[in-house]
Amino acid sequence: MAFINLQNISLSFGSTALFEDIRLTVEPSEKVALVGRNGSGKSTLLKLIAGILRPDTGTVALQKGIRVAYLDQMVPGEMLGTVLEAVKGDIKLVQPGLEKAFNQRAEKVISQLGLDSNWINNTLSAGMKRKVLMARALAAEPDVLLLDEPTNHMDIDSVKRLEEMLIKFNGALIFVTHDRMFLQRIATRIVEIDRCQLFDQVCDYETFLARRAAAREVEETQNALFDKKLKKEEQWIRTGVRARRTRNEGRVRELQKLRAIRRDRREAAGIVKIESQETERSGMLVVKADKISFSYDSIPIISQFSTVIMKGDRVGILGPNGSGKTTLLRLLLGNLRPDSGSIRLGTNLQISYFDQLREQLDENKTVQENVVENNQDTVTNNGQKRHIIGYLQDFLFSPDQIRSYVSTLSGGERNRLLLARLFTRPSNLLVMDEPTNDLDIETMELMEDYLVKYKGTVLLVSHDRAFVNNVVTSTLVFEGGGNVKEYVGGYDDWLRQRTLEAKPVITTKFTPLVRTTRPRVKFGFRQQKELDTVTLDIQSLETEQEDLYKAMGDSNLYKNEKSAVVSKKERLDEVKKLLAESYARWEELEQLKNEL
């Protein structure tokens, strides 16, 4: 017998319909992923099943006696007491005589999620609080587990722990997530909410994508044939007197039906259009960190870390919650001074910052007021003025939403608003701290494409493994004790490379192309000749660096001897060092030349 049975469910909020006569049954032990665009109704469907909302029409029936646990998308700001107290909740709900067993189960789940029973909830990060709420849901041993974006704010290790626990979960699981790796590993059934209906497929996510693409192709073909028929009938009716003289009233009635069908057709949701403000280019060197260290209360966060970030690099930052990723960002941006070592910022940097807590948004202002000041009705995008309504419609906001307060928006809609606000500001250095939280998968894939084509430099903190794989050219990884290591490529590349020994196997000497630092002199023939040489050297080194990135991103490389990988890594480090020196000299010579 099905655990959950939804029959003929319809629900609207104001003039916006979310569901129209939908049906859904869920059997014991099924693992169902809900997917769909932001605002399509995924969270609402979970709340209907949990009994938090009621439908306008239809019935929601749960098998008698089953226990349901629900994890909301939003993390409460205030959580009193300790972790154990929050997980136990109201102990009176536990049957007499079973309290000891419940406490043991609670302790076990807390440990499995990497928490400590005695931690104070209000001192924890959003990701840690989310794990506390997850532990509470699992400790109740529910028959049905409803999870709304369970991986939000969680670090990668926590996500992997959660994956293992949910794979072993014996009850029915229904969840919403934007994490494609998580979805592919957990789900046995995919239900997409699209235009008030459900597209239900018993398969994994990759198979679902193929089936959905085929279904949409069939739909487009059918719509095209329908439109062609409608156009033909419209041409017939416009022949006027001759058509009426035939007195083909049946054909006229058929045309009226066709018009009604076309009027009621729900078109597929639009796509977000992401275009950033162009600005002046930064210098070749963006950030150079030399042996920087930083501690909090004598606890080392970063120790003797060095890196060179060049124009066009897309750098991912990985590490557990609380490891220091945001601290590293602030150091690299010059907002925080290291305890030791030095930070050098490049020239002409214009920075745009996407913060994971969306603190730049004012909930007491409208969507429009959060993008433009003084309630202006235009924005400038790529040098052209656009009306604010047209611009925000590119980010899938309706005219009614544009005039609504931010407090009414969902998490995904708030992220889209933050992107809309961000891309009205010119930048050549884009800093993104967990930009994928709450975004639907299609918008996330569009953002991936945008970041890959972005002409500036990107610093990215993300726990989304697929997103990191698809965007970054290198990763900075916190590996404990203040140790931050740099790896070529994304998350999967890091997994392959981290098994290599830190000690080099082969030592290869390379002759530097530009090594000496000359005293500042007037710009003359020799300086012009050196500038020409340095420019050619930079081009050659950039080409070699790109080739090395590609080679080290190829999984086949790691099937060879370890020495081959080590050799390429050493050469890449050498090339980056030579590039930094060449760029620095190029900037000196250009500055001398411009002073003439």
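The structure we're discussing is the one just above.
Residues numbered from 1 in each chain as written. Predicted model: local features only at pLDDT ≥ 70, side-chain atom pairs only at ≥ 80, totals over all residues. Heavy atoms only, no water.

> Could you give me a rundown of the pairing of strand E5 (residues 68-71), with the residues and numbers involved?
Put simply, side chains in a regular strand alternate between the two faces of the sheet. The side-chain alternation of E5 yields one buried face, formed by Ala69 and Leu71, and one unburied face, formed by Val68 and Tyr70. Here E5 pairs with strand E6 (residues 144-148) via four bridges, running parallel. Within the sheet, the bridge partner assigned to Val68 lies in E6 and is Val144. (Buried < 20%, exposed > 50% of the residue type's maximum accessible area, 1.4 Å probe, protein only. Helix = DSSP H or I, 4+ residues; strand = E, 2+ residues; numbered from the N terminus. Pairing = 2+ DSSP bridges.)

> Tell me about the packing of helix H3 (residues 99-112) against helix H4 (residues 126-139), and name the residues and values.
At a closest axis distance of 9 Å, the pairing of H3 and H4 adopts a crossing angle of 140°. The pairing of H3 with H4 is recorded here as oblique in orientation. Remark: the crossing between H3 and H4 carries right-handed chirality. Where H3 abuts H4, its residues Phe102, Arg105, Ala106, Val109 and Ile110 lie against Ala135, Leu138 and Ala139. Grouping the amino acids of the contact of H3 with H4 by side-chain chemistry returns seven nonpolar, no polar and one charged. (Axes fitted to C-alpha atoms, helices over the stretch in contact; angles between N-to-C directions. Parallel < 35°, antiparallel > 145°, perpendicular 65-115°, else oblique. Left-handed = near helix turned anticlockwise from the far one by under 90°. Contact = heavy atoms within 4.5 Å. Nonpolar A, V, L, I, M, F, W, Y, C, P; charged D, E, K, R; others polar.)

> Before we move on, could you go through the sheet that holds strand E17 (residues 429-433) and cite the residues and values that matter?
Spatial ordering of the open sheet is given by E14-E17-E18-E12-E19-E20, a layout of six strands whose pairing is mixed. Each of the sheet's edge strands pairs with one partner strand only, and the pair in question is strand E14 (351-354) and strand E20 (484-488). Recorded for the sheet is a direction-independent mean angle of 15° between the axes of neighbouring strands. Sheet topology note: the strand E19 (residues 474-478)/E20 ladder contains five bridges and is antiparallel. Opposite Val477, over in E20, you have Lys485 as the bridge partner. Contacts from helix H14 (residues 411-422) reach E14 and E17 within the one sheet, and its direction differs from that of E14 by about 175°. Relative to E17, helix H15 (residues 441-453) is tilted by about 150°, and along the sheet it contacts strand E12 (314-318), E17 and strand E18 (457-461).

> Break down the nonpolar core for me, citing the residues and quoting the values.
Of all hydrophobic cores here, the largest spans 41 residues; its most connected members are Tyr391, Leu392, Leu417, Leu430, Met432 and Leu451. Elements supplying a minimum of two residues to this core: helix H11 (367-371), helix H12 (388-393), H14, E17, H15, E18, helix H16 (465-471) and helix H17 (491-497). Ranked by size, the runner-up nonpolar core spans 40 residues in total, among them Ala69, Met165, Ile186 and Cys203. (Core = buried A, V, L, I, M, F, W, Y, C linked by side-chain atoms within 4.5 Å.)

> Please provide a residue-by-residue account of the side chain of Thr307, values included.
You can see Thr307 is positioned in strand E11 (residues 299-310). One polar contact links Thr307 to Glu486, side chain to side chain, over a distance of 3.1 Å. If sequence neighbours within four positions are ignored, Thr307 has contacts with Val287, Lys288, Ala289, Leu332, Leu476 and Glu486. (Polar contact = N/O pair within 3.5 Å; in protein donor to acceptor, adjacent residues only side chain to side chain.)

> Talk me through the pattern of salt bridges; I want residue IDs and the actual numbers.
As enumerated under the stated definition, the model contains 21 salt bridges in all. As a salt-bridge pair, Arg465 and Asp179 come within 3.7 Å of each other at their nearest N and O atoms. Of this pair, Arg465 sits in helix H16 while Asp179 sits in the loop between strand E7 (172-176) and helix H6 (180-186); the two residues are 286 residues apart in sequence, bridging distant segments of the chain. A salt bridge links Asp449 to Lys453, with the shortest nitrogen-to-oxygen separation between them at 3.2 Å. Here the residue Asp449 and the residue Lys453 both occupy positions in helix H15, the gap between them amounting to four residues, near one helical turn. Owing to a relative accessible area of 39%, Asp449 belongs among the partly exposed residues under this scheme. A residue is classified by how much of its surface remains accessible, and Lys453, at 58% relative accessible area, is exposed. Three or more residues are tied together by salt bridges with common partners; here these are Glu163, Glu164, Asp179, Arg185 and Arg465. (Salt bridge = Lys/Arg side-chain N within 4 Å of Asp/Glu carboxyl O.)

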